[in-house]
Amino acid sequence: MPTLTLHNTLSGRKEIFTPIDPERITLYVCGPTVYNYVHIGNARPVVAFDVLFRLLQRLYPQVVYARNITDIDDKIINAARDNGEPISALTARFTEAFEQDMAALNALPPTLTPHATEHVGDMIGMIETLVEKGHAYAAEGHALFDVQSMPDYGRLSKRSLDDMLAGARVEVAPYKKYPGDFVLWKPSSDDQPGWESPWGRGRPGWHIECSAMIARHLGPLIDIHGGGQDLIFPHHENEIAQGCCAHGTDYVRYWLHNGYINIDGEKMSKSLGNFRLVRELLKVYPGEVLRFALLSAHYRSPLNFSEEVLQQARSTLDSLYYALLGRGEQVTPQAGYRLAEDHPVNLALCDDLNTPEAISELHRIAAALNKADDTDKPALKAELLAAADLLGLLTHEPSAWFQQGSGDNDLGSEDIDALITERAEAKKARDFARADAIRQQLDEAGIVLEDTREGTRWSRKM
RNA sequence: GGCGCGGUGGCAGAGUGGUUAUGCAGCGGACUGCAACUCCGUAUACGCCGGUUCGAUUCCGACCCGCGCCUCCA
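Residues numbered from 1 in each chain as written. Chains lettered and ligands numbered in written order. Predicted model: local features only at pLDDT ≥ 70, side-chain atom pairs only at ≥ 80, totals over all residues. Heavy atoms only, no water.

Student: When you look at the protein's contact with RNA strand B in this model, what are you seeing that I'm missing?
Tutor: Around RNA strand B, the surrounding shell holds 58 residues, and the nearest of these are W206, G228, D230, L231 and M268. A distance of 2.9 Å is found between a base nitrogen of RNA strand B and a side-chain nitrogen or oxygen belonging to Q312. Interatomic distance of 3.2 Å between a side-chain N/O atom of N354 and a sugar or linking oxygen of RNA strand B. Ranked by residues supplied to the surface near RNA strand B, first place goes to helix α12 (residues 355-371) with seven residues. Taken together, the residues that form the surface near RNA strand B break down as 17 nonpolar, 22 polar and 19 charged. (Near = heavy atom within 4 Å. Polar contact = N/O pair within 3.5 Å; in protein donor to acceptor, adjacent residues only side chain to side chain. Helix = DSSP H or I, 4+ residues; strand = E, 2+ residues; numbered from the N terminus. Nonpolar A, V, L, I, M, F, W, Y, C, P; charged D, E, K, R; others polar.)

Student: What's the story with the environment of I208 in this structure? I'm lost.
Tutor: Tracing the chain through its elements places I208 in helix α6 (residues 208-217). Overall, I208 belongs to the buried group, its relative accessible area being 0%. With 35 residues separating them along the chain, I208 and G243 place their C-alpha atoms 8.9 Å apart. Residues in contact with I208, not counting those within four places in the same chain, are M123, M126, I127, L184 and Q242. (Buried < 20%, exposed > 50% of the residue type's maximum accessible area, 1.4 Å probe, protein only. Contact = heavy atoms within 4.5 Å.)

Student: Is there a simple way to think about the side chain of Q242 in this case?
Tutor: Structurally, Q242 is set in helix α7 (residues 232-247). Take Q242: its relative accessible area is 0%, and that puts it in the buried class. Apart from the residues within four sequence positions on either side, Q242 is in contact with M126, L130, F145, F182, L184, H207, I208 and S211.

Student: Got a minute to help me understand the packing of aromatic side chains in this structure?
Tutor: Centre-to-centre distance and the angle between the planes together describe a pair of aromatic rings. Counted under the stated rule, the structure contains eleven aromatic pairs. Consider the rings of Y322 and F402, whose centres lie 4.5 Å apart with planes at 40°: the pair is tilted. Pair noted here: Y322 is in helix α10 (residues 307-325) and F402 is in helix α14 (residues 398-403), with a separation of 80 residues, a long-range link. Of the residues examined, Y322 reaches a relative accessible area of 26% and is grouped as partly exposed. With a relative accessible area of 4%, F402 lands in the buried category. Pairwise contacts between aromatic rings join F17, Y60 and Y254 into one cluster. Over the ring of F233 we find R159; its NZ or CZ atom is 4.6 Å from the centre of that ring. Taking NZ or CZ as reference, K177 lies 4.8 Å from the ring centre of Y137, over its face. (Phe/Tyr/Trp six-rings, centres within 6.5 Å; stacked < 30°, edge-to-face > 60°. Lys NZ or Arg CZ within 6 Å of the ring centre and 35° of its normal.)

Student: What exactly am I supposed to notice about unusual backbone geometry here?
Tutor: For residues other than glycine, phi is negative in most cases, and the peptide bonds are mostly trans. The omega angle of the peptide bond from F233 to P234 is 5°, so this bond is cis rather than trans. Position of P234 among the secondary structure elements: in helix α7. With phi around 50°, E140 is a residue other than glycine that occupies positive phi space. Here E140 is to be found in the loop between β5 (136-139) and β6 (142-145). Judged by relative accessible area, which is 60%, E140 ranks as exposed. Even without a glycine there, the phi angle at R430 is positive, about 60°. As for its position among the elements, R430 is in the loop between α15 (413-428) and α16 (432-444).

Shown next as structure tokens:
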């Protein structure tokens, strides 16, 4: 088995991945708060860790991958109130939209999708444990985590308590013993959703759900936890505090964090308002183009998102699909082909998910396929498909890829076929002026013709 | 202020103590009735200044610039 190395935020370097139990790998990734459509920045961890999920499934017999849905949160409460709709209707709608969008990006569904509202009892139990062990306290209807009770609080984000308080945004509240303490449970007013608890009617703080759901579904200590860099502090730092202090163990072995999507060099975020919704992008670009763009940079690097990047992704995918399409000959991929363990694509991904390196290997295979004798093509085609599958790419039929429509008023394929037939007759009669006029007519309708030795085929321009 | 990340050719983006990926776009050629695809060839790089070294884009140090986090955030 090739050695898998992963960059661990805890150490700040790449480490060899050693599972807790090689028979059962546990992976958790922070999912969305469902009060809105997700933007392409939200999609980056989903796609990056989808590649990790695929890779782990290749390397180990069982992988349990959980990605939560945060369906109770103040932003949700506010959005539902603004819309005048029940919270459950809002969260159901955006949960479904999220799942549709991620499916369009060819992200596999996780093994488990726990919802926060279905685990409030687990959260209350965990908070009670923390209170019993002296790591949390009740105050004015709140339950708060006592960060001073944990000696190495700040280990993940590499900052001391003093450093944190130097920042001006710490919420100083009278009920806190210490300004850095964070909320585990907070009181709800009558018009806010709430659950009965030992601290009165209320709702959970932001961080406790992940810790509680991990403990419930994956265990007290898991292999890998992923998410965006902006979750390192406070979210993941506080998860560690909760998990370690409640269970008296380590919480996560490997912390993985993806870089940001930038717009004009600036972080894309809901608060900055410079985001691009996946849903809107999908109206213009196939999901695979978005996925390819996301995988074209290493997951920890910033990725500047632009029209140009998407056009390049489209062009590059086209060339890979051209290799599969061939030049008119029919090639059936070799049956039963399996990517070798030491295949370059496998090795690239095992090196901390080096997707750009893996993609460059796809090009190498595609070039070999283009140049190969007919006897060698089935194996190379199977190799290209298998390698791309590890990245979740090249999943369409090549002809369908080139013919996918982008608008409603496009020419139908019957009209196109009729014109192609007419052009073929014109060519046969050596009436090239007429043939070129038809090519021109179709070109203006966004249809590109290509003559192959097996006949003329067409594709739609984007 | 504290902590962290990064600056690679027109663009995107890996990587490496020497032979200097890959793609997109460009240029030249082959192929084609014309094209497209493909193939062959080709130009353009490692922020700045020092140091270590036979040799530095890579290691070390300083500097400049950009970005992020410091309790909303993927």
